[in-house]
Every structure is written in C-alpha cells, then in structure tokens.
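Topology and contacts: notes
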Amino acid sequence: MNATGRDPRVLVVEDDEEIALVLQRSLRLEGYEVRIAGDGEAALDQSAAFNPDVVILDLGLPKLDGIEVARRL
C-alpha cells in the first residue's frame, strides 16, 4: 500500500499476451494492482481510466507505437 492508501497501480502495455500475463502475475504477487493493454490505443484508454502510478511500456506496439504513447502520456 502506498501513501494514497491503496496498492500501487501498474499498467503493462505489451502486445505479446504471454509476456503481459507473466508480468501481471509477478507484479500482483508483489502487491501491485495491474492492468494490461495490448496496443497503443488501448494503453491510452486504460491509462485514462486506471490512472496508473507506473507504466511498463513496450516500444514496438500495433496501432500506435510505444514512443508515441509515452509522448501522449
């Protein structure tokens, strides 16, 4: 739990579903609240709705690459 009284939130942005799920499971075991986005557009939508503390961002994404996602975030 962090200073806000909730578990830290992490958004995993990864188009390889298997990798995303491994990261999600590992982070949840460490006490993080985790959501996954599989492409750049979904990352922006998830970020707006979820308000993550940290984003783990793949650069080679479909629809909108990770660099553009980072710029927009």
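Relevant structure appears above.
Residues numbered from 1 in each chain as written. Predicted model: local features only at pLDDT ≥ 70, side-chain atom pairs only at ≥ 80, totals over all residues. Heavy atoms only, no water.

Topic: the side chain of Glu 68
Note the cut-off: Put simply, DSSP H or I for four residues or longer makes a helix, DSSP E for two residues or longer makes a strand, and each gets a number counted from the N terminus. Under this definition, polar contacts are N or O atom pairs within 3.5 Å; protein pairs additionally need one hydrogen-donor-capable and one acceptor-capable atom, and for neighbouring residues in sequence, both atoms have to be side-chain atoms.
Tracing the backbone shows Glu 68 in helix 3 (residues 66-72). Polar contacts involving the side chain of Glu 68 include one to the side chain of Arg 71, which spans 2.5 Å.

Description of the pattern of salt bridges
Let me state the cut-off plainly: Throughout this description, the term salt bridge denotes a Lys or Arg side-chain nitrogen within 4 Å of a carboxyl oxygen of Asp or Glu. Each residue's exposure class comes from its accessible area (1.4 Å probe, protein chains only) as a fraction of the maximum for that residue type: buried when under 20%, exposed when over 50%, partly exposed otherwise.
In total, this model carries five salt bridges according to the counting rule given. Among the salt bridges present, the one from Arg 6 reaches Asp 53, with a minimum N-O distance of 2.9 Å. With Arg 6 in the segment before strand 1 (9-13) and Asp 53 in the loop between helix 2 (40-50) and strand 3 (54-57), this pair connects stretches of sequence that are 47 residues apart. According to the relative accessible area criterion, Asp 53 is partly exposed, its value standing at 40%. We note a salt bridge from Glu 68 to Arg 72, for which the minimum N-O separation is 2.8 Å. Within this pair, Glu 68 and its partner Arg 72 are both found in helix 3, separated by four residues, close to a single helical turn. Assessed through its relative accessible area of 48%, Arg 72 is described here as partly exposed. Connected through shared salt-bridge partners, Glu 68, Arg 71 and Arg 72 make up one network.

Describing helix 1 (residues 17-29)
Heads up, the rule is: Multiplying 1.5 Å by the residue count of a helix minus one yields the expected span of that helix. The arc in question is the one traced by the directions running from the helix axis out to the C-beta atoms. Here, residues are in contact when the closest pair of their heavy atoms is within 4.5 Å.
Its 13 residues place the ends of helix 1 18 Å apart at the C-alpha level, agreeing with the 18 Å of an ideal helix rising 1.5 Å per residue. Listing the buried residues of helix 1 in full gives Ala 20, Gln 24 and Leu 27. The buried residues of helix 1 occupy one face: seen down the axis, they fall within an arc of 75°. For helix 1, the exposed residues lying more than 90 degrees away from the buried face are Glu 18, Arg 25 and Leu 29. Packed against the buried residues of helix 1 are strand 1, strand 2 (33-37) and strand 3.

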